[in-house]
Amino acid sequence: MPVTATAAQAEEAAPNAVITWNIHAQTAIFEVARQSPTASARSFAIAQGAVYDAVNAIAGTPYKPYLIAPRSRPGDSTPAAVATAAYRTLVWLFPAQADALRKQYDEALAAIPDGPSERGGIAVGQATATAMINARRNDGAFSDATWPVGSAPGQWRPTPPGFLQVGAWYATLKPFVIEPGRYRTPGQPALTSAAYARDLNEVKALGSATSTTRTPDQTEAAIWWDDPRLVEWSIKRQLATTHRLGTLQTARMFAMVDLAAADTLIACYQEKKRWSFWRPVTAIPLADTDGNPATVADPAWTPLRTTAPSPEYPSGHACFTAATTTALRTYFGRDDLSFSAHSADSGTTRHYRSLSQAMAELDQARIWAGVHYRFATTDGHRLGTAVSRDVLDRAFGHHI
């Protein structure tokens, strides 16, 4: 017994393997592969779901597993299991990065004493990675699905500067936990309505690249939240560190956030495809065609930030961040969490005192960036909260 206790103490004193491999995952997913926010949500969910099942199994399965709880012994090495589950899923996702990932994996195993404990951890991680890979094989990722393109007022069409037609495959991606097609948004207001004119005129004034009404802080927030190296990734790790979460609790929190976010984005993209509504960068120059006397065309209008190549409604970022903040609020059981994150795009660090404060700013920041109307962020926020709650309830037994 004293040997086991000493090993457990040493493991707790070591760096949190879940955080270490989450950083490795971000390197593979974004820094090297440069995956889009939606594609990266799938990749993180795959890696973190496998890691969670591995850590949960070695802990004696105190929680319902996401997919499986392979047999394990109390002395099995959790760091070896985490490294193996993450490494195997990441190599499957990114075979071109096999050499770099193998180097990280070898370094992780070199820090663990050889023997039955290490071998047992490797076997558990291998089992959960295999289960995840089998579950996600042929899941519809990166299919050649396209967005519907229209030419009538209100209908989406590719946007400048690239006029790209990408990302529609996410709407038909196999879900992780729930059936996203059950979730619906009310749809955008009619083009001729006062509500539409109000929201178009708001983004026209506040979201313009040359806006004179947007404040410097709003400009910074718009850029900060729009950084493709999503601030939500580092916020999760910071919260795990500042709250001194152990390996199991970190793995659980990350899996809750990432699985909720992935299914939320599927539901969100199904709604984008369903409504296929035009973006401000299209609508404002063509406002003389919308039949609304309260809107005025500005052919030279451009947004502060580049518009993503997907239909406008609902806002994907509002869906994603609502799912993330809902999962974090559920996990910690409170809203008043303090956190901060740095954005290379804005060159600044922003600080928040609560999840709801951050979420409220994100909803506004999409307008300040010139890429969404207010109704798209409001309804995306609601959708993300609803889907996230159901994912957490189904897979993690949590109610809000």
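Keep in mind that this is a model prediction, so the values were computed, not measured. (Residues numbered from 1 in each chain as written. Predicted model: local features only at pLDDT ≥ 70, side-chain atom pairs only at ≥ 80, totals over all residues. Heavy atoms only, no water.)

Trainee: Which residues make up unusual backbone geometry, and what values go with them?
Mentor: That bond from Pro160 to Pro161 is cis: its omega, 5°, falls within 30 degrees of zero. The linkage connecting Tyr313 with the following residue, Pro314, adopts the cis geometry, with an omega of -5°. Tracing the backbone shows Pro314 in the loop between helix H11 (280–283) and helix H12 (316–332). One non-glycine residue, Asn138, lies in the positive phi region at around 55°. For Phe163, which is not glycine, the phi dihedral falls at a positive 50°. (Helix = DSSP H or I, 4+ residues; strand = E, 2+ residues; numbered from the N terminus.)

Trainee: I'd like to hear about the pattern of salt bridges, residue by residue, with values.
Mentor: As enumerated under the stated definition, the model contains 22 salt bridges in all. Here Lys103 ties to Glu107 by a salt bridge, and the two come within 3.1 Å at their closest N and O atoms. One end of the pair, Lys103, and the other, Glu107, are both in helix H5 (residues 98–110), four residues apart, so they sit about a helical turn from each other. Overall, the relative accessible area of 54% leaves Lys103 in the exposed class. In this structure, Asp226 engages Arg305 in a salt bridge whose closest nitrogen and oxygen atoms are separated by 2.8 Å. One end of the pair, Asp226, is in helix H8 (residues 216–226); the other, Arg305, is in the loop between H11 and H12, and 79 residues separate them in sequence. Across the pair, Arg305 and Asp226 agree in class, each one buried. Each member of the salt-bridge network shares a partner with another, and the members are Asp217, Glu220, Arg350 and Glu361. (Salt bridge = Lys/Arg side-chain N within 4 Å of Asp/Glu carboxyl O. Buried < 20%, exposed > 50% of the residue type's maximum accessible area, 1.4 Å probe, protein only.)

Trainee: Go over the packing of H12 against helix H13 (residues 355–368), please, and point to the residues and values.
Mentor: A pair of packed helices is captured by two measures, namely the crossing angle of their axes and the spacing between those axes. Between H12 and H13, the shortest axis-to-axis distance is 10 Å and the interhelical angle comes to 180°. Judged on the interaxial angle alone, H13 and H12 are roughly antiparallel. Contacts between H12 and H13 involve His317, Ala318, Thr321, Ala322, Thr325, Leu328 and Arg329 from the former and Leu355, Ser356, Met359, Leu362, Asp363 and Arg366 from the latter. By residue class, the composition of the contact of H12 with H13 is six nonpolar, four polar and three charged. (Axes fitted to C-alpha atoms, helices over the stretch in contact; angles between N-to-C directions. Parallel < 35°, antiparallel > 145°, perpendicular 65-115°, else oblique. Contact = heavy atoms within 4.5 Å. Nonpolar A, V, L, I, M, F, W, Y, C, P; charged D, E, K, R; others polar.)

Trainee: How would you sum up the packing of H12 against helix H14 (residues 374–396)? Please name residues and give values.
Mentor: Close contact between H12 and H14 brings their axes to 7 Å; oriented N to C, the two are set at 40°. On the basis of the axis angle, H12 is oblique to H14. Crossing handedness for the pair H12 and H14: right-handed. Where H12 approaches H14, its residues Ala318, Cys319, Ala322, Ala323, Thr326, Ala327 and Thr330 are matched on the opposing element by Thr377, Gly380, His381, Leu383, Gly384, Thr385, Ser388, Arg389 and Leu392. Here the residues of the contact of H12 with H14 are counted per class, giving seven nonpolar, eight polar and one charged. (Left-handed = near helix turned anticlockwise from the far one by under 90°.)

Trainee: So what's going on with the state of the cysteines? Residues and values would help.
Mentor: Two cysteines joined by a covalent bond between their sulfur atoms form a disulfide. Evaluated as defined, the whole model comprises one disulfide. A sulfur-sulfur separation of 2.5 Å characterises the disulfide bridge that pairs Cys268 with Cys319. Linking Cys268 and Cys319, the disulfide has an S-S dihedral of approximately 75° and is accordingly described as right-handed. Of the two residues, Cys268 sits in helix H10 (residues 247–275) while Cys319 sits in helix H12, which places them 51 residues apart along the sequence. For the residue pair Cys268 and Cys319, the accessibility class agrees, reading buried in each case. (Disulfide = S-S within 2.5 Å.)

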